[in-house]
Amino acid sequence: GAGVSQSPRYKVAKRGQDVALRCDPISGHVSLFWYQQALGQGPEFLTYFQNEAQLDKSGLPSDRFFAERPEGSVSTLKIQRTQQEDSAVYLCASSLAAVASGNSPLHFGNGTRLTVT
Amino acid sequence: AQSVTQLDSHVSVSEGTPVLLRCNYSSSYSPSLFWYVQHPNKGLQLLLKYTSAATLVKGINGFEAEFKKSETSFHLTKPSAHMSDAAEYFCVVSDLGNTGFQKLVFGTGTRLLVSP
């Protein structure tokens, strides 16, 4: 398919485990975003990549969260020592534009639902 | 910082009746505003966007929204609801990230329920 693909679709982790969430953006898209959507809330910004450069990570809630995009395409969001409050849907989105633009829409993946028990 | 407030957490309508989902924004400059829809277990889909052109914006599936600067509102409407419109709707404003990129700031969402 031509959309943003995320895997796994669901992840259950025991508290304290490390998890890795994968995002395959649309081919050729320069910008990549990660958002966190807690139950009953709107998505909240986590981090932004322009190609392989992580230009903003101000939304990452703690130093247990780490994201990378080493070759400017696939991205991985890693959460170390998961806590119950990390339970949420993690959304990835990509866009063609490299700079701020209201004319370059974001394409969202279906998300990974993380449940920490 | 930019923000949006969705005034209703739930809206219930009957099929064939009008839909009104309310949104107010706060912005220190002329904002870009969006409405996204999220169906269960599906990705977010862009319904429409306002980027300082026409104040009445038409989107997909018969939805439209009107930008009213005097009221700082961007309400979403549809003349006649369809069962397939039942979903979560998010009002969104764009903000500038610390390196100039477009960062979306989402409201808390309004769940639209459509009854037969």
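The structure under discussion appears in the preceding block.
What this report covers is the structure whose coordinates are included nearby.

Conventions we followed
- Residues numbered from 1 in each chain as written.
- Chains lettered and ligands numbered in written order.
- Predicted model: local features only at pLDDT ≥ 70, side-chain atom pairs only at ≥ 80, totals over all residues.
- Heavy atoms only, no water.
- Helix = DSSP H or I, 4+ residues; strand = E, 2+ residues; numbered from the N terminus.
- Rg over C-alpha atoms; globule rule 2.2 N^0.38 Å.
- Buried < 20%, exposed > 50% of the residue type's maximum accessible area, 1.4 Å probe, protein only.
- Areas by Shrake-Rupley, 256 points an atom, 1.4 Å probe, with all protein chains shown as cover.
- Lys, Arg positive; Asp, Glu negative; His and termini not counted.
- Charge placed at Lys NZ, Arg CZ, Asp CG, Glu CD.
- Pairing = 2+ DSSP bridges.
- Axes fitted to C-alpha atoms, helices over the stretch in contact; angles between N-to-C directions.
- 1 Å grid on protein atoms, 1.4 Å probe; cavity = no way out; pocket = protein on both sides within 12 Å on 5 of 7 lines; lining within 4 Å.
- Points joined across faces, edges and corners; volume = space filled by probe spheres on them.
- Nonpolar A, V, L, I, M, F, W, Y, C, P; charged D, E, K, R; others polar.
- Core = buried A, V, L, I, M, F, W, Y, C linked by side-chain atoms within 4.5 Å.
- Contact = heavy atoms within 4.5 Å.

A few points about the overall build of chain A
Here's step 1: Tallying secondary structure elements over chain A gives zero helices and 11 strands in all.
Here's step 2: From first element to last, N terminus to C terminus, chain A shows the α and β order β-β-β-β-β-β-β-β-β-β-β.
Here's step 3: Taken against the 2.2 N^0.38 rule, which gives 13 Å for 117 residues, the C-alpha radius of gyration of chain A at 13 Å falls within 12% of a compact globule.
Here's step 4: Structurally, chain A occupies a C-alpha span of about 40 × 25 × 25 Å along its principal axes.
Here's step 5: Of all 117 residues assigned to chain A, the portion counted as buried reaches 47%.
Here's step 6: Accessible area of chain A: about 5600 Å², with a carbon and sulfur share of 47%.
Here's step 7: Positive and negative side-chain charges of chain A, numbering 11 and 10 respectively, have mean locations separated by a distance of 8 Å.

A closer look at the sheet that holds strand β7 (residues 65-68) of chain A
Hydrogen bonding along the main chain pairs the strands of a sheet, whether they run parallel or antiparallel.
All names here are of chain A.
Here's step 1: The antiparallel open sheet is built from four strands, whose spatial order is β1-β3-β8-β7. Looking at strand neighbours, the two that pair on one side only are β1 (5-7) and β7, the edges of this open sheet. Averaged over all pairs of adjacent strands, the angle between their axes in this sheet comes to 15 degrees, without regard to strand direction.
Here's step 2: Here four bridges tie β7 to strand β8 (residues 75-79), and the two strands are oriented antiparallel to one another. From the neighbouring strand, Ala67 faces β8, where its bridge partner is Leu77.

Examining the layout of surface pockets
Here's step 1: By volume, the largest pocket is sized at about 560 Å³.
Here's step 2: Elements represented by at least two residues in the lining of the largest pocket include exactly β9 (88-95) and β11 (112-116) of chain A together with β10 (87-96) of chain B.
Here's step 3: When residues of the lining of the largest pocket are assigned to their parent elements, the largest contribution, three residues, is made by β10 of chain B.
Here's step 4: Residues belonging to the lining of the largest pocket are distributed by class as follows: nine nonpolar, 12 polar and five charged.

Quick word on the nonpolar core
Here's step 1: One finds Trp35, Leu48, Leu76 and Tyr89 of chain B to be the most contacted residues of the largest nonpolar core, which totals 26 residues.
Here's step 2: When residues in this core are grouped by element, the largest group, four residues, is from β10 of chain B.
Here's step 3: In this structure, Ala13, Leu32, Trp34 and Leu114 of chain A belong to the second largest nonpolar core, which totals 20 residues.

Digging into the side chain of Ser73 of chain B
Here's step 1: Relative to the elements of secondary structure, Ser73 of chain B occurs in strand β9 (residues 73-78).
Here's step 2: In contact with Ser73 of chain B, other than residues within four places in its own chain, are Cys23, Asn24, Tyr25, Glu66, Phe67 and Lys68 of chain B.

Here we look at the environment of Leu47 of chain B
Residue and element names in this part refer to chain B.
Here's step 1: Tracing the sequence through the fold places Leu47 in strand β6 (residues 44-50).
Here's step 2: Spatially, the C-alpha atom of Leu47 lies 8.0 Å from that of Asn61, the residues being 14 residues apart in sequence.
Here's step 3: Among residues more than four places away in sequence, those in contact with Leu47 are Trp35, Tyr36, Val37, Gly59, Ile60, Phe63, Leu76 and Tyr89.

Some details on the pairing of strand β8 (residues 64-68) of chain B
Residues and elements named next belong to chain B.
Here's step 1: Here β8 shows a buried face lined by Ala65 and Phe67 and an unburied face lined by Glu64, Glu66 and Lys68.
Here's step 2: The sheet contact formed by strand β7 (residues 56-58) and β8 spans three bridges and is antiparallel. Across the sheet, the residue bridging to Lys58 is Glu64, located in β8.
Here's step 3: Counting the residues between successive antiparallel strands, the hairpin from β7 to β8 contains five residues, one of them, Asn61, with a positive phi of roughly 60 degrees.
Here's step 4: Taken together, the five bridges between β8 and β9 define a ladder with antiparallel strand orientation. Across the sheet, Glu64 pairs through a bridge with Thr77, a residue of β9.

Just distances and angles here, no functional claims.
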